[in-house]
Amino acid sequence: MRPQLAAIATVMVLAAICGFGTGSVLEVPGVTQAPPLPPRNLRNNQTRSRIPNNFRSIATPPIAPRCDYKELMTNLHDRVGILVTLDEDQRHRLEVIDKKLDQLVESSSARMESMKAQQLDFLHRLDSFEHIQRLSRNTLDELKDISRTVRDVSQEQYPSSGIGTFNESNLNLSSRLDALATLLASTALSVRSVQVEVANLSRAIRRQSRLIQGKGLRSTPGQQPIFYGPSGLNGPTATRQLPSSCSYSFLSNHGILKVQLTPESESFYVSCDEDWTVILSRTSDDVNFERGWLDYRDGFGNLAGDFFIGLNKLHALTSSALHELRIVMEDFSGNVAYAGYSLFAIGSEKELYPLVLLGKFQDNLTPSAGDSLSYHAGAKFSTVDQDNDNCLECNCALRHKGAGWFNNCAKSNLFGEYTTQNQPGETGIWWDTFSGQNSLKRVRWMIRPISEGIDDARR
């Protein structure tokens, strides 16, 4: 309405100015003018009209044109219509924005309710873990008391022979104690993991609450998110304490373990063989290994079957600590052989994942498969769609139907095509110093931190 009133006022002001400038008076419709008065001395006027006039007539000045009110009103009316249209368009846009904000608030509220439900579920899981931990601790204390009692009784009854005939029972009891201690450590680690997840969920709920408040929706004082967990986990200082290698393989579930290399890095799952981390497993033709760069970068397959861990994860593992490499292979005749290297590491994707570190070949492993990997040291990783080998006239990955650290092609091809029978060919899975170019039945690559290997050797 304000633009319309301003336009009408402008029309009236301009009309008034135009009227004063021309000396004209606005005609008011509906009011009739008075009839003109009759001439008084018509005869004298006629006499005077017959008298010749010797004077020149003075030209009357031209009458100024009157303002065209209709055109002025039409133009102003059009402008007022345009302003009204713009006003309605802006009002419509504001209504659309308001609807979108309402939808965002409703969606945020639904997500917040879902997070609260998840938090309650975590609370129940946390209570269950704590209950199991208390039961395990009580059982362990009882077994320790029983062990001390048995030891005292055995020493009283068999002072000369020490423990005597109770050696076997004590041995079984010791193994049971070790098993319970392992279970207790596993439960404690699981409880810690759940507590961290609850802390992260609580922070997410608080962020969601702040977002809803920022959109204009105030939360009541009784609806603040509740944090369940120890005081040390409250705030950004909480860190997820997950194992960093398969040295904690006793915590794994059917050989699958979730690891985290640093508190800031993302966690991921690995396959463990005792304290070794399996990075490649080939036992059948269920998984095709003739793949492109992105698949080898991110990894593929099933950790419980045939798989490749992925170059990104392999680079992260070998960059976090010094690792050694062990390769286990078996041919179709059932012969098993090993190849080990004291050091193993690869570069980053920016460097095309080169085999930057390959230590001394461990010839003390028996039966030895021989060294067919040192020829590939320093080479960049190649796939069927990314040719990074040192062969100027060929693509080694296409030639061998697989991938790997090809030099001027290969002395081994463990990423090659799987065959269900022993047959020669450069496209199959082979290790030159063990089987020549005859296909292998099973292959497994494994790595572990060097410090763990040194401790194992010392034991």
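Residues numbered from 1 in each chain as written. Predicted model: local features only at pLDDT ≥ 70, side-chain atom pairs only at ≥ 80, totals over all residues. Heavy atoms only, no water.

A. Local environment of the overall build of the protein. Per the secondary structure count, the protein includes nine helices and 11 strands. Per-residue burial for the protein yields a buried fraction of 34% across its 459 residues. Nonlocal contacts in the protein, meaning residues at least 24 apart in sequence, comprise 60% of its contacts between residues at least 6 apart. Only carbon and sulfur atoms are counted for the fraction: they give 53% of the accessible area of the protein, which is about 28,900 Å². (Helix = DSSP H or I, 4+ residues; strand = E, 2+ residues; numbered from the N terminus. Buried < 20%, exposed > 50% of the residue type's maximum accessible area, 1.4 Å probe, protein only. Contact = heavy atoms within 4.5 Å. Areas by Shrake-Rupley, 256 points an atom, 1.4 Å probe, with all protein chains shown as cover.)

B. Broad picture of the nonpolar core. The biggest cluster of nonpolar side chains holds 51 residues, and the ones touching the most others in it are Phe344, Trp405, Trp431 and Trp445. Per element, the largest residue contribution to this core is five residues, and it comes from strand β11 (residues 440-449). Contacts of tryptophan 445, omitting those with residues within four sequence positions, involve Thr277, Val278, Ile279, Leu280, Leu325, Arg326, Ile327, Phe344, Leu373, Trp405, Leu414 and Phe415. Core analysis: the next-biggest nonpolar cluster, separate from the first, contains 10 residues, Phe122, Val194, Leu201 and Ile205 among them. (Core = buried A, V, L, I, M, F, W, Y, C linked by side-chain atoms within 4.5 Å.)

C. Region of the structure containing the side chain of serine 281. If you trace the backbone, serine 281 turns up in strand β3 (residues 276-282). For serine 281, a relative accessible area of 3% puts it in the buried group. A distance of 3.4 Å separates a polar side-chain atom of serine 281 from the backbone oxygen of glycine 305. Excluding anything up to four places from it in sequence, serine 281 contacts Phe289, Gly305, Asp306, Phe307, Val443 and Arg444. (Polar contact = N/O pair within 3.5 Å; in protein donor to acceptor, adjacent residues only side chain to side chain.)

D. Spatial organisation of the pattern of salt bridges. With the rule as written, the count across this model stands at 10 salt bridges. Its salt-bridge partner being glutamate 349, residue arginine 297 comes within 3.6 Å of it at the nearest N-O pair. Of this pair, arginine 297 sits in helix α5 (residues 293-298) while glutamate 349 sits in the loop between β7 (336-345) and β8 (357-358); the two residues are 52 residues apart in sequence, bridging distant segments of the chain. Across the pair arginine 399 and glutamate 426 runs a salt bridge, and its minimum N-O distance is 3.4 Å. Here the residue arginine 399 occupies a position in helix α7 (residues 396-400), and glutamate 426 occupies one in the loop between β9 (412-413) and β10 (430-431), the gap between them amounting to 27 residues. Since its relative accessible area comes to 29%, glutamate 426 is described here as partly exposed. Beyond isolated ion pairs, a larger network of salt bridges with shared partners links Asp275, Glu324 and Arg448. (Salt bridge = Lys/Arg side-chain N within 4 Å of Asp/Glu carboxyl O.)

E. How the structure looks around the pairing of strand β2 (residues 268-273). In terms of strand pairing, strand β1 (residues 256-259) meets β2 through four bridges, oriented antiparallel. Its bridge partner being in β2, isoleucine 256 is matched across the sheet by serine 271. Across three bridges, the pairing between β2 and β3 is antiparallel. Of the residues in β3, the one forming a bridge with cysteine 272 is threonine 277. Linking β2 back to β3 in an antiparallel pair, the connection comprises two residues, with glutamate 274 at a positive phi of about 60 degrees. (Pairing = 2+ DSSP bridges.)

F. Representation of the packing of aromatic side chains. Inspection of the entire model under this criterion finds 16 aromatic pairs. Seen from their ring centres, tryptophan 293 and tyrosine 353 are 5.6 Å apart, and the 35 degrees between their planes marks the pair as tilted. Of this pair, tryptophan 293 sits in helix α5 while tyrosine 353 sits in the loop between β7 and β8, placing them 60 residues apart in sequence. As far as burial versus exposure is concerned, tryptophan 293 and tyrosine 353 are alike and both buried. Relative to tryptophan 445, the ring of phenylalanine 344 has its centre 6.4 Å away and its plane inclined at 70 degrees; by these criteria the two rings are edge-to-face. One end of the pair, phenylalanine 344, is in strand β7; the other, tryptophan 445, is in strand β11, with 101 residues separating them in the sequence. For tryptophan 445, a relative accessible area of 3% corresponds to the buried category. A cation over a ring is seen here: arginine 282 above phenylalanine 289, with NZ or CZ 3.8 Å from the ring centre. When the ring centre of tyrosine 375 is taken as reference, the NZ or CZ atom of lysine 411 above it lies at 4.7 Å. (Phe/Tyr/Trp six-rings, centres within 6.5 Å; stacked < 30°, edge-to-face > 60°. Lys NZ or Arg CZ within 6 Å of the ring centre and 35° of its normal.)

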